[in-house]
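Residues per chain, in single letters:
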Amino acid sequence: MAKLTKIGAIPVIAIAITIILMVLFKATGPVYNPKYLLLTLNTIFIAGTGIIVTVISARSYLKDGSINILLLGSATLIAALVALIAGWLSILSSNQNVTIYDSGFLFSSALQLSSALSLLFWSKLRISGRKSILAMAYVAVFIFVGLFATMSTRDVFPKFFTNSGATWVDQSVLGVSITFFALSFLIYIRQFAKLKSEVLYWYSLALALFAVGLFGVALQPQFSDSLSWMGRIAQY
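Residues numbered from 1 in each chain as written. Predicted model: local features only at pLDDT ≥ 70, side-chain atom pairs only at ≥ 80, totals over all residues. Heavy atoms only, no water.

K.L.:
Explain the overall build of the chain to me, and be specific about the residues and the numbers.
P.N.:
Per the secondary structure count, the chain includes nine helices and two strands. In the chain, the succession of α and β elements from N to C terminus is α-α-α-α-α-α-β-β-α-α-α. A globule of 236 residues ought to have a C-alpha radius of gyration of about 18 Å, and the chain, at 18 Å, matches this closely. C-alpha atoms of the chain, sized along the principal axes, occupy 50 × 45 × 30 Å. Here the chain holds 236 residues, and 47% of them are scored as buried. Partitioning the contacts of the chain with sequence separation of at least 6, the portion at a separation of at least 24 is 78%. Approximately 11800 Å² of the chain is accessible, and the part contributed by carbon and sulfur atoms is 72%. Here the chain contributes 16 positive and 6 negative side-chain charges, whose respective centroids are spaced 12 Å apart. (Helix = DSSP H or I, 4+ residues; strand = E, 2+ residues; numbered from the N terminus. Rg over C-alpha atoms; globule rule 2.2 N^0.38 Å. Buried < 20%, exposed > 50% of the residue type's maximum accessible area, 1.4 Å probe, protein only. Contact = heavy atoms within 4.5 Å. Areas by Shrake-Rupley, 256 points an atom, 1.4 Å probe, with all protein chains shown as cover. Lys, Arg positive; Asp, Glu negative; His and termini not counted. Charge placed at Lys NZ, Arg CZ, Asp CG, Glu CD.)

Rendered as structure tokens:
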């Protein structure tokens, strides 16, 4: 495992460099968007893994009562749900897909940062009434995502994506999300350096990949072009 940690950052750096080069040389490539491909990939790699992490987090929280784990599980649950819904919406509307996905990841990244900060400042804090709080937190996530998805499909929000690419609204949302994921990465990698926990190391790299991936998506000139797919690969 020690050898793996030494090379673990290579994919993050490689994808980041690739995205930057694609932008600089305008090598965004052709659009590739088979009808059910995004739905399938989102379901397997984001929703599927997100649900697994959520379940593991729930069990850990019930055992330990750590607020860090509660927030982390809520963040991954939001990511899993919006990825699944966005996959379905990609069949109907690129704007609706981008709206629910990017907005959902804004809230997920905010919870990830809150989780990281709680690890930094409130690591010894333990919560009583764990089952009821866990149930309320996860139910609140389902209700919130459901309402937000419904509003997105009814075009309540400003346009996030047009034929010209991402709007300033979408890029602003992604900019905040990228910042939150990057800050979370820095906190977790700092804790790894302090505690030497490989779990913290690999989780920090996952957060870095989301930051890099969303950066690529934010710059896509067309929905599902090569730059967009490079950003998605980072998130998968």
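K.L.:
Before we move on, can you summarise the nonpolar core with the specific residues and values?
P.N.:
If you look at the biggest cluster of nonpolar residues, it comprises 53 residues, and the most contacted ones within it are I100, Y101, F105, F181 and Y188. Contributions of two or more residues to this core are made by α2 (10-24), α3 (37-64), α4 (67-89), α5 (94-121), α6 (130-153), α7 (168-195), α8 (198-218) and α9 (226-235). No other element matches α8, which puts twelve residues into this core. Ignoring sequence-local partners within four residues, the contact set of I100 consists of V82, I85, A86, L89, F148, A149 and S152. (Core = buried A, V, L, I, M, F, W, Y, C linked by side-chain atoms within 4.5 Å.)

K.L.:
Provide a residue-level description of the packing of α3 against α6, including the pertinent values.
P.N.:
With their axes 9 Å apart at the nearest point, α3 and α6 run at an angle of 150 degrees to one another. The orientation of α3 with respect to α6, classified from their angle, is roughly antiparallel. Between α3 and α6 lies a crossing of right-handed hand. Residues T54, S57, A58, Y61, L62, K63 and D64 of α3 lie in contact with α6, whose contacting residues are R130, K131, I133, L134 and Y138. Considered class by class, the residues forming the contact of α3 with α6 number six nonpolar, two polar and four charged. (Axes fitted to C-alpha atoms, helices over the stretch in contact; angles between N-to-C directions. Parallel < 35°, antiparallel > 145°, perpendicular 65-115°, else oblique. Left-handed = near helix turned anticlockwise from the far one by under 90°. Nonpolar A, V, L, I, M, F, W, Y, C, P; charged D, E, K, R; others polar.)

K.L.:
Requested: an account of the packing of aromatic side chains, with residues and values cited.
P.N.:
Describing an aromatic ring pair means giving the distance of the ring centres and the angle of the ring planes. The full count for this structure, using the stated rule, is 13 aromatic pairs. When the ring of F161 is compared with that of F223, the centres are 6.0 Å apart and the planes differ by 70 degrees; the resulting orientation is edge-to-face. Residue F161 is found in strand β1 (residues 161-162), and its partner F223 is found in the loop between α8 and α9; the two are separated by 62 residues along the sequence. On the accessibility criterion, F161 (6% relative accessible area) is buried. Pairing Y201 with W202 gives two aromatic rings, centres 5.2 Å apart and planes at 75 degrees, and the pair type is edge-to-face. The exposure class assigned to Y201 is buried, which follows from its relative accessible area of 7%. Here W202 falls in the partly exposed class, since its relative accessible area comes to 32%. One aromatic cluster is present, formed by Y101, F105, F181 and F210 through successive ring pairs. Positioned over the ring face of W229 is R232, at 4.5 Å from the centre of the ring. (Phe/Tyr/Trp six-rings, centres within 6.5 Å; stacked < 30°, edge-to-face > 60°. Lys NZ or Arg CZ within 6 Å of the ring centre and 35° of its normal.)

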